[in-house]
Amino acid sequence: RRSLTKLFAEAPPSRVVMEVGTHSPWISRLAAAPGHEVVVANARNVSYITRSSRKSDKVDAESLARLGRTDPKLLSPIRHRSEQAQGDLAVIRARAAVVEMRTKAVNAARGLAKSMGERLAKCDADRVGPHLVAGHSELLQRALSGLLGQVEELTATLRDYDQEIARMAKSEYPETGRLAKVYGVADLVSLTYVLTLEDPARFERSREVGPYLGLRPREGQSAEYQPQLRITKEGDRYLRWLLVQSAHCVMKKNAPDSDLKRWGEQLAARGGKNAKKRAVVAVARKLAVLLHRLWVTGEEYQPLYNAQRQSAKKQSAKKAA
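Here's what I pulled together on the structure shown here.

Criteria and thresholds
Residues numbered from 1 in each chain as written. Predicted model: local features only at pLDDT ≥ 70, side-chain atom pairs only at ≥ 80, totals over all residues. Heavy atoms only, no water. Helix = DSSP H or I, 4+ residues; strand = E, 2+ residues; numbered from the N terminus. Buried < 20%, exposed > 50% of the residue type's maximum accessible area, 1.4 Å probe, protein only. Contact = heavy atoms within 4.5 Å. Areas by Shrake-Rupley, 256 points an atom, 1.4 Å probe, with all protein chains shown as cover. Patch = residues over 30% accessible without salt bridge, like charges linked within 9 Å, V, L, I, M, F, W, Y side chains within 5 Å. Salt bridge = Lys/Arg side-chain N within 4 Å of Asp/Glu carboxyl O. Lys, Arg positive; Asp, Glu negative; His and termini not counted. Charge placed at Lys NZ, Arg CZ, Asp CG, Glu CD. Phe/Tyr/Trp six-rings, centres within 6.5 Å; stacked < 30°, edge-to-face > 60°. Lys NZ or Arg CZ within 6 Å of the ring centre and 35° of its normal. Core = buried A, V, L, I, M, F, W, Y, C linked by side-chain atoms within 4.5 Å. Axes fitted to C-alpha atoms, helices over the stretch in contact; angles between N-to-C directions. Left-handed = near helix turned anticlockwise from the far one by under 90°. Nonpolar A, V, L, I, M, F, W, Y, C, P; charged D, E, K, R; others polar. Polar contact = N/O pair within 3.5 Å; in protein donor to acceptor, adjacent residues only side chain to side chain.

Section: the overall build of the chain
Alright, step 1. Scanning the chain from N- to C-terminus turns up 13 helices and two strands.
Alright, step 2. Referenced to the eigenvectors of the C-alpha coordinate spread, the extents of the chain come out at roughly 75 × 70 × 50 Å.
Alright, step 3. When the 321 residues of the chain are sorted by exposure, 35% land in the buried category.
Alright, step 4. In the chain, once contacts between residues fewer than 6 apart in sequence are set aside, the share between residues at least 24 apart is 56%.
Alright, step 5. When the accessible surface of the chain is summed, it comes to about 20,300 Å², and 50% of that surface belongs to carbon and sulfur atoms.

Given below as structure tokens:
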């Protein structure tokens, strides 16, 4: 890090081109600090490099330099978030890692119990602990007590992360409070959304958020052939997963009535293969657009805004008639 800082500081102002990767966020900030123009190439969209038959670090660096000198847009440049946003988002990433570890541990414990002809009591993951093996065989208790104790510790760690996320959302990112009023969107989803996008002004229209998060269907149109393809799954995978989970909440039968729910139910009612799944993804895309709109305009969320507006138009039309 020190050598790179010295290198960028001593070099004359120039255009620095690099490939996106694990180290590109902090290296790009080091290069931008002395005044260099930094271009971070999206390797996924630069087939000239990724599909090259002569691929090596030296050849890739030369290819990046040539493309960067010709036209930086050819590199599909991306913009890294700020150091503060990256650090705050790391808290959410760490929480997701703990959730994954706890899930694997719980599944392992239940699987080991079944293999010995026993079964652990059903309960939520946050209630799993050494007490589940009480009353079981001594062999099972010896095998699972330590593992279930780790699960209990992971649950305590998750509570700490949830408290920190709630604190950050309230004190450092107050705009998340307006987004969290949408049913199915709480502190975790709203804070992840704000930190991932960071700057709402980067999108000219709210509809651009859906494709940015990979919630837009792929296109493979040829003449009259228009196949139904899967979504692109570009952009941030974790935020996309959270939005899909929120869409599932919106589409539940016991969920409160809203424009989003009505729209999703209309899509699902059309039938066809995997109609419900496609409707949930479509609701997730529309939810991403809605959250950006609320963020930009500062308006308060109204679940039945469109329905009420259409009802008002009908009433006015009847009066005019």
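Structural notes on a positive patch on the surface
Alright, step 1. A grouping of R44, R218, R230, K233, K273 and K277 is seen on the molecular surface, where their side chains present a positively charged patch.
Alright, step 2. Along the chain, the position of K233 falls in the loop between α9 (209–212) and α10 (237–251).

A short note on the packing of aromatic side chains
Aromatic ring pairs: the centre-centre distance and the angle between the two ring planes describe each pair.
Alright, step 1. Within the structure shown, the criterion is met by three aromatic pairs.
Alright, step 2. Between F203 and Y212, the aromatic rings sit 5.1 Å apart at their centres with planes inclined by 70°, giving edge-to-face as the arrangement.
Alright, step 3. The class for F203 is buried, based on a relative accessible area of 9%.
Alright, step 4. Between the NZ or CZ atom of K286 and the centre of the ring of W263, over which it lies, the distance is 4.6 Å.

Topic: the environment of A113
Alright, step 1. Positionally, A113 belongs in helix α5 (residues 83–115).
Alright, step 2. The buried category is assigned to A113, whose relative accessible area is 0%.
Alright, step 3. Between the C-alpha atom of A113 and that of L144, which follows or precedes it by 31 residues, the distance is 8.4 Å.
Alright, step 4. For A113, the residues in contact, after removing those within four places along its chain, are E118, L120, L140 and L144.

What to know about the nonpolar core
Alright, step 1. Judged by nonpolar contacts, the single largest core of 43 residues is most densely connected at I92, Y193, L197, L213, L243 and L291.
Alright, step 2. Listed by contribution, the elements that provide at least two residues to this core are α5, α6 (138–171), α8 (187–197), α10, α11 (259–269) and α12 (275–297).
Alright, step 3. The dominant element in this core, judged by the number of residues it contributes, is α12, at 10 residues.
Alright, step 4. When residues no more than four places from it in sequence are discounted, the contact partners of L213 are L197, E234, L239, R240, L243 and A288.
Alright, step 5. Ranked by size, the runner-up nonpolar core spans 12 residues in total, among them A105, A109, V133 and V151.

Brief notes about the pattern of salt bridges
Alright, step 1. Summed over all chains, the structure comprises 11 salt bridges.
Alright, step 2. Residue D60 is joined to K55 by a salt bridge in which the shortest nitrogen-to-oxygen separation is 2.8 Å.
Alright, step 3. A salt bridge links R167 to E164, with the nearest nitrogen and oxygen atoms 2.8 Å apart. Remark: E164 and R167 occur in helix α6; sequence separation between them is three residues, near one turn of the helix.
Alright, step 4. Classification of R167 by relative accessible area gives partly exposed; the value is 39%.
Alright, step 5. Under the relative-accessibility criterion, E164 is labelled partly exposed at 28%.

Some words on the environment of P25
Alright, step 1. Its location among the elements puts P25 in helix α2 (residues 24–32).
Alright, step 2. On the basis of relative accessible area, P25 is assigned to the buried category, the value being 10%.
Alright, step 3. Sequence separation of P25 and Y193 is 168 residues, and the distance between their C-alpha atoms is 19 Å.
Alright, step 4. With near-sequence residues (within four places) excluded, P25 lies in contact with H80 and Q86.

Some thoughts on unusual backbone geometry
Alright, step 1. Despite not being glycine, S76 has its phi angle at roughly 45°, a positive value.
Alright, step 2. Mapping S76 onto the fold places it in the loop between α4 (57–70) and α5.
Alright, step 3. For K233, which is not glycine, the phi dihedral falls at a positive 55°.

Focus: the packing of helix α1 (residues 2–10) against α2
Alright, step 1. In the contact formed by α1 and α2, the axes pass within 8 Å of each other and the chain directions differ by 35°. Along this stretch, α1 crosses α2, giving a crossing that reads as right-handed. Along its contact with α1, which presents L4, T5 and F8, the element α2 presents W26, I27, L30 and A31.
Alright, step 2. Among the residues forming the contact of α1 with α2, the class breakdown is six nonpolar, one polar and no charged.

Let's talk about α2
Alright, step 1. For α2, the full list of buried residues reads S24, P25, I27, S28, L30 and A31.
Alright, step 2. Close packing links the buried residues of α2 with α1, β1 (15–19), β2 (37–41) and α5.

As for the side chain of H36
Alright, step 1. In this fold, H36 is placed in the loop between α2 and β2.
Alright, step 2. A polar side-chain atom of H36 sits 2.8 Å from the main-chain carbonyl oxygen of F8.
Alright, step 3. Within the structure, H36 has its side chain in polar contact with the backbone nitrogen of S14 (distance 3.2 Å).
Alright, step 4. With residues near it in sequence (within four places) discarded, H36 still touches F8, A11, P12, P13, S14, V16 and A31.

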